[in-house]
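Report on the structure
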Amino acid sequence: MKIEEVLKSTVPMDISKKIILNILYTQNVLTESFNEILKPHEISGEQYNVLRILRGQKGNPANMCVIQERMLAKTSNTTRLVDKLLLKELVTREVCPENRRKIEVSITQKGLDVLKELDPKVAEHEESFSNNLNADEIILLNQLLEKYRNQ
């Protein structure tokens, strides 16, 4: 469906505006679908992102700066996200013994179990959106999005 049809627009749209609206609308479609996968686990997309970052540490803790710089949404309040994950016992938080101002966060076994259960569902979600494209189109779309974003 064309973006004009989605928005029920009857006036011609500037091509630059159309690109941005297409990207924003596509992001909303992806996010809504992804949130349905996360809903049974009562975690947000940002919390899921923190768990994945911590799993990528392979057993080593991460400080708040490391988590923040790896987040997709740089505006996320990392401390608040970690606090919510702590309440769900998906992460632990400790003061670094060498530097008491540094907080170290680690994923718990419960957090790893949640990710293990979500992994196949997330992979299926990601693949489902690529089904309309062939391999060359997928590569081209990634290249174009990166080019568009990195002006």
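Now for a quick tour of the structure. All of these numbers come straight from a predicted model, not from anything done at the bench. (Residues numbered from 1 in each chain as written. Predicted model: local features only at pLDDT ≥ 70, side-chain atom pairs only at ≥ 80, totals over all residues. Heavy atoms only, no water.)

**Re a nonpolar patch on the surface**
Which entries qualify depends on this criterion: Patch membership is restricted to residues that have no salt bridge and whose relative accessible area is over 30%. Joining uses 9 Å for like charges and 5 Å for the nonpolar side chains Val, Leu, Ile, Met, Phe, Trp and Tyr. Surface accessibility follows the Shrake-Rupley procedure with a 1.4 Å probe radius. Residue values consider only the protein chains on display as shielding. We count a salt bridge whenever a side-chain nitrogen from Lys or Arg sits within 4 Å of a carboxyl oxygen from Asp or Glu. Elements are defined by DSSP. Helices are runs of H or I of four residues or more, strands are runs of E of two residues or more, and each kind is numbered from the N terminus. Between buried and exposed lies partly exposed: a residue is buried under 20% and exposed over 50% of the maximum accessible area for its type, with that area taken using a 1.4 Å probe on protein chains only.
Residues Ile 15, Ile 19, Ile 20, Ile 23, Leu 24, Leu 133, Leu 141, Leu 145 and Tyr 148 make up a contiguous nonpolar surface patch of roughly 720 Å² in combined accessible area. Only helix 2 (15-38) and helix 7 (135-149) provide two or more residues apiece to the nonpolar patch. At five residues, helix 2 tops the list of elements feeding residues into the nonpolar patch. Assignment of secondary structure puts Ile 23 in helix 2. The class of Ile 23 is partly exposed, set by a relative accessible area of 33%.

**Notes on the pairing of strand 3 (residues 103-107)**
Worth spelling out the cut-off: Between any two strands, at least two bridges found by DSSP are needed for them to pair.
When strand 1 (residues 62-63) meets strand 3, the two strands line up antiparallel, connected through two bridges. Following the sheet pairing, Ala 62 is matched in strand 3 by Val 105. The pairing of strand 2 (residues 91-95) with strand 3 spans five bridges and is classified as antiparallel. Pairing of Thr 92 across the sheet is with Ser 106, part of strand 3.

**Some thoughts on the nonpolar core**
Buried together is how nonpolar side chains tend to be arranged in soluble globular proteins. The condition is simple: As used in this record, nonpolar core signifies buried Ala, Val, Leu, Ile, Met, Phe, Trp, Tyr and Cys residues forming a set joined through side-chain atoms within 4.5 Å. By the convention used here, residues are in contact when the closest approach between their heavy atoms is within 4.5 Å.
Of all hydrophobic cores here, the largest spans 25 residues; its most connected members are Ile 43, Tyr 48, Val 50, Leu 51, Leu 54, Ile 67 and Leu 118. Residue assignment for this core shows that the elements contributing at least two residues are helix 2, helix 3 (45-55), helix 4 (64-70), helix 5 (78-87), strand 3 and helix 6 (109-130). Considering every element that reaches this core, the biggest residue donor is helix 3, with five residues. With sequence-adjacent residues up to four places away left out, Ile 67 is seen in contact with Val 50, Ile 53, Leu 54, Ala 62, Thr 78, Val 82 and Val 105.

**Quick notes on helix 5**
Selection rule: Comment: arc refers to directions from the helix axis out to C-beta atoms. Whenever two N or O atoms come within 3.5 Å, that pair is a polar contact, provided that in protein one can donate a hydrogen and the other can accept it, and provided that, for residues adjacent in sequence, both atoms are side-chain atoms.
Turning to helix 5, its buried residues are Thr 78, Leu 81, Val 82 and Leu 85. The arc that holds every buried residue of helix 5, seen down its axis, measures 95°, which confines them to one face. Tucked inside the fold, the buried residues of helix 5 contact helix 3, helix 4, strand 2 and strand 3. At the N-terminal end of helix 5, a side-chain oxygen is found 3.3 Å from the backbone nitrogen of Thr 79, two or three residues along, and the residue is Asn 77. Taken from the residues just after helix 5, Glu 89 is the one with a positive phi, measuring 60°.

**Concerning the pattern of salt bridges**
Side-chain pairs of opposite charge can arise whenever the charged atoms involved come near each other. Taken as a whole and assessed by the stated rule, the structure comprises five salt bridges. A salt bridge links Asp 119 to Arg 55; the nearest nitrogen and oxygen atoms lie 2.8 Å apart. Taken as a pair, Asp 119 in helix 6 and Arg 55 in helix 3 lie far apart in primary sequence, 64 residues in all. On the basis of relative accessibility, which here comes to 28%, the residue Arg 55 falls in the partly exposed class. The salt bridge partner of Lys 121 is Glu 117, with a shortest N-O separation of 3.7 Å. With Lys 121 and Glu 117 both in helix 6 and four residues apart, the pair spans about one turn of that helix. When its relative accessible area of 42% is taken as the criterion, Glu 117 is described as partly exposed.

**Side note on the sheet that holds strand 1**
Applicable threshold: Axes, fitted as lines to C-alpha atoms, cover a helix only where it is in contact. Angles between the N-to-C directions of the axes lie from 0 to 180 degrees.
Pairing within the open sheet is antiparallel, and its three strands lie in the order 1-3-2. Of all strands in the sheet, those bounded by a partner on one side alone are strand 1 and strand 2. Strands in contact with helix 5 are strand 2 and strand 3; relative to strand 2, the strand with the most contacts, it is inclined by about 120°.

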